[in-house]
Amino acid sequence: MKWPLFTLAMLFCLNIQAQNFYSEIPGLPPSPGAEGIAAGDYNNDGYEDLYLSFPNYPNQLWRNNGDGTFTNVAPDLGLDLSAADNTKAAIWGDIDNDGWLDLYLANKGAPDRLFKNNQGQSFTDISTSAGIGQLGWPQSLNMADVNGDGFLDIYVANFQEQNLLLLNNGDLTFSDNTIQSGAVDEGKAMGAIFFDFDKDGDADLYLVHDGNEPNLLYQNDGSGHFTEVGVSTGANTASFAMGVDIGDVNNDGWPDIAIANLYQNLLLLNDGSGTGFTDISSSAGVGDLGMGWGISFLDFDLDVQQDLYLCNDYKFSPFPNLLFRNRGDLTFEKADTTGPVCNQYQSYGNAVFDLDLDGRPDIAVANRSDSEQAQVFHNDGPSGNWIGIKLIGVQSNRQAIGARIEMTDNTGKLHYDELTAGNGWLSQGSRHFLFGLGTADAITAMTIHWPSGLVQSITPPAPGKYYTITEGNEPQEGILFGNATATAEQQSASNISLRVMPNPSHGFFVATFNSPKAGRYLARLHTLTGRLVYEEEIEAHPGENSFSINTAGLAPDQILILNLTGDGWTTAVKVRVGSRE
């Protein structure tokens, strides 16, 4: 029997909607009234844990026991801040690059708090000594290395109050650099996210607004100074925006923007040149009539395409949470509509992570009603091909926040993702990259763009596993940690101290480095797209060494990356080619 094409398409659509990809995990700790949720492996056991922030109850830290169960250990670790603190958001970040995730808490009407992780055994409140303690109305919390010094900085978006940018001084203290940075905003700030929209090697900042105020896109010049380019790029949409996330919806290697909204959600497509965005919300089919809050990109069915998960407040507007499947043609369809993941609660924050390391993205949801509990949904979908990557920075910040991975599989598909800290609504997703490969069974090329500027080509590992890649080195199988994976050569590389003067360069520059021993080093200068413009072998002696490079023939006003490679390690520094003098 022959079926009309429109009938087959309708049956496929109904099957996608009816098929349940997710099941709810039972027996979770009681958790009424949570709003934000942050995923992070605080005890370095390989499994990511969950920190839940509550406006009216003590905060909770759910330790992932690795067997599908969670235990609230916040009281034992002194992280159960009371209702008086009114914590809006939490974020995990290794602020001192010691290999352990520290915790920043943004509180409404009470001072913000910063807790240092004591190797997973306890936490110390260092707020006072670190210079932390803003009093505001935080609506988003993010970390990024905005000035490229290898340490994570902190950004707090406040509602109708000045936002806050705290620069990490590298000694467990922070300095307020908000006004100097230019990343100011006293509007109705809601969600925010750092990402490299123009792929020039630094962390740009996108701020979404409530009350039909235009959104702001701040372009970073690489030094931590920002210029607002929302109007010129078309990113200045105005709506009742809440949460925001980034992902590559069309596999062109450029980050796109998804915004949760009251009624029509928004999807902004990167034009692929780093100069603008196009609003494709209506044609993409991601709109609904709900009160959207948290939003996250994920590839729930491992088919290569980036899908979307949206949290709605069912009490405000009676529409459920939604799982949107990316069809691969810049349109989306609803999936799993009859399953528990599309619940009818007051859902706010959500975090995507792989709770059992099976290569399928799971989802945690914070529900704000006092009669509703936080939920964790396990991905029970078909097992497809996949690969997971954890990065460890050496010259870059230890978490490698801001790193970008580009890879091609043996079907010719391009995969792209960027590691952020803080996304959606008051939440934080996994620090692991997780790529669905669809029908591909091998990776043919992989490139990592590290925050330090190092562009590293990797020997592609086999799919179906997690790997750890330490900056400048080849993959190691499994989820590994900090010093345990840093070789002696890597540790010495961190002491090489590659420096460039003058920077910006006006016709030439001199590179200086300290060598622990005599040996040969390879210096390579390339553009941000990987084009090699200079290569030289350096014969070094113990102590300080230097060499010069002529940049007179290069186009002005661009950023280059100088790599210095030794025996088993690579270090890098950004070089700015200025105007002629």
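Here the structure is a predicted model, which means the values were calculated and not measured.

The subject of this paragraph is the nonpolar core. If you look at the biggest cluster of nonpolar residues, it comprises 66 residues, and the most contacted ones within it are Tyr104, Tyr206, Ile257, Ile259, Ile389, Leu391 and Met446. Ranked by residues supplied to this core, first place goes to strand E20 (residues 241-247) with four residues. The residues that make up this core include at least three from each of domain 1 (37-379) and domain 2 (385-477). Listed in part, the 19 residues of the second largest apolar core include Leu498, Val500, Ala540 and Leu560.

Spatial ordering of the open sheet is given by E14-E15-E17-E18, a layout of four strands whose pairing is antiparallel. Where the open sheet ends on each side, the last strands, each with one partner, are strand E14 (189-195) and strand E18 (226-228). With strand direction ignored, the average angle separating the axes of adjacent strands in the sheet is 20°.

Turning to the packing of aromatic side chains, a few remarks are in order. A complete count under the given rule lists 15 aromatic pairs for this structure. Seen in terms of ring centroids, Tyr42 and Phe123 are 6.2 Å apart; in terms of plane orientation they differ by 45°. Their pairing is tilted. With Tyr42 in the loop between strand E2 (36-40) and strand E3 (49-53) and Phe123 in strand E9 (residues 123-125), the pair connects residues that are 81 residues apart, well separated along the chain. Here Tyr42 matches Phe123 in class, with each residue buried. Pairing Trp62 with Phe70 gives two aromatic rings, centres 6.0 Å apart and planes at 50°, and the pair type is tilted. When sorted by exposure, Trp62 lands in the same class as Phe70, which is buried. Taking the ring centre of Trp254 as reference, the NZ or CZ of Lys199 above it sits at 4.4 Å. Note that Arg368 overlies the ring of Tyr348, its terminal NZ or CZ placed 5.8 Å from the centroid.

Counted according to the given criterion, the structure contains 18 salt bridges. A salt bridge links Arg404 to Asp196; the shortest N-O distance between them is 3.6 Å. Pair noted here: Arg404 is in strand E32 (residues 404-409) and Asp196 is in the loop between E14 and strand E15 (204-209), with a separation of 208 residues, a long-range link. Taken individually, Arg404 and Asp196 each receive the classification buried, so the pair is uniform in this respect. The salt bridge partner of Glu537 is Arg520, with a shortest N-O separation of 3.7 Å. Of the two residues, Glu537 sits in strand E43 (residues 532-540) while Arg520 sits in strand E42 (residues 519-527), which places them 17 residues apart along the sequence. Among the ionic contacts, a cluster of salt bridges with common partners joins Asp301, Asp303, Arg325, Arg327 and Glu333.

Here we take up the side chain of Ser427. With respect to the helices and strands, the residue Ser427 is situated in strand E34 (residues 427-428). In terms of polar contacts, Ser427 uses its side chain to reach the backbone amide nitrogen of Asn350, at 3.4 Å. If sequence neighbours within four positions are ignored, Ser427 has contacts with Gly36, Ile37, Gly349, Asn350 and Gly422.

The assigned domain composition of the protein chain is domain 1 (37-379), domain 2 (385-477) and domain 3 (487-578). Of note, the centres of domain 2 and domain 3, computed from C-alpha atoms alone, are 24 Å apart. Taken residue by residue, the interface counts twelve residues in domain 2 and 13 residues in domain 3. A combined buried area of about 950 Å² lies between domain 2 and domain 3, and 49% of that area is made up of carbon and sulfur atoms. Its largest share of buried area at the contact with domain 3, domain 2 owes to Gln395, Leu454 and Val455, together 41% of the area lost on that side. The interface formed by domain 2 and domain 3 includes zero residue pairs in polar contact (both at pLDDT 80 or more). A class-by-class count of the residues in the side of domain 2 that touches domain 3 yields four nonpolar, seven polar and one charged.

Cis geometry is adopted by the peptide bond preceding Pro502, which originates at Met501 and carries an omega value of -10°. Looking at the element boundaries, Pro502 is found in the loop between strand E40 (499-501) and strand E41 (508-515). The phi dihedral of Ala400 falls on the positive side, at around 65°, and the residue is not glycine. We classify Ala400 as buried; its relative accessible area is 0%.

Our next topic: the sheet that holds strand E7 (residues 102-107). Pairing is antiparallel in the open sheet, where four strands are placed in the order E6-E7-E8-E9. Edge strands, defined here as strands with exactly one partner in the open sheet, are strand E6 (87-93) and E9. Neighbouring strand axes in the sheet, compared pairwise and without regard to direction, differ in orientation by 20° on average. Two strands pair when backbone bridges link them, and E7 and strand E8 (residues 113-117) are joined in this way by three bridges, in the antiparallel orientation. Residue Tyr104 lies in a different strand from E8, and its bridge partner there is Leu114.

This part takes up the pairing of E2. Within a regular strand, side chains alternate between the sheet's two faces. Of all five residues making up E2, five are buried, and the element is well covered by its neighbours. Note that E2 and E3 share five bridges and pair antiparallel. Note on E3: the bridge partner recorded for Ile37 is Leu52. The sheet contact formed by E2 and E34 spans two bridges and is parallel. Following the sheet pairing, Ile37 is matched in E34 by Ser427.

How each quantity is defined
- Residues numbered from 1 in each chain as written.
- Predicted model: local features only at pLDDT ≥ 70, side-chain atom pairs only at ≥ 80, totals over all residues.
- Heavy atoms only, no water.
- Core = buried A, V, L, I, M, F, W, Y, C linked by side-chain atoms within 4.5 Å.
- Buried < 20%, exposed > 50% of the residue type's maximum accessible area, 1.4 Å probe, protein only.
- Helix = DSSP H or I, 4+ residues; strand = E, 2+ residues; numbered from the N terminus.
- Domains from an automatic or database assignment.
- Pairing = 2+ DSSP bridges.
- Axes fitted to C-alpha atoms, helices over the stretch in contact; angles between N-to-C directions.
- Phe/Tyr/Trp six-rings, centres within 6.5 Å; stacked < 30°, edge-to-face > 60°.
- Lys NZ or Arg CZ within 6 Å of the ring centre and 35° of its normal.
- Salt bridge = Lys/Arg side-chain N within 4 Å of Asp/Glu carboxyl O.
- Polar contact = N/O pair within 3.5 Å; in protein donor to acceptor, adjacent residues only side chain to side chain.
- Contact = heavy atoms within 4.5 Å.
- Buried area = accessible area lost by both parts, 1.4 Å probe.
- Nonpolar A, V, L, I, M, F, W, Y, C, P; charged D, E, K, R; others polar.

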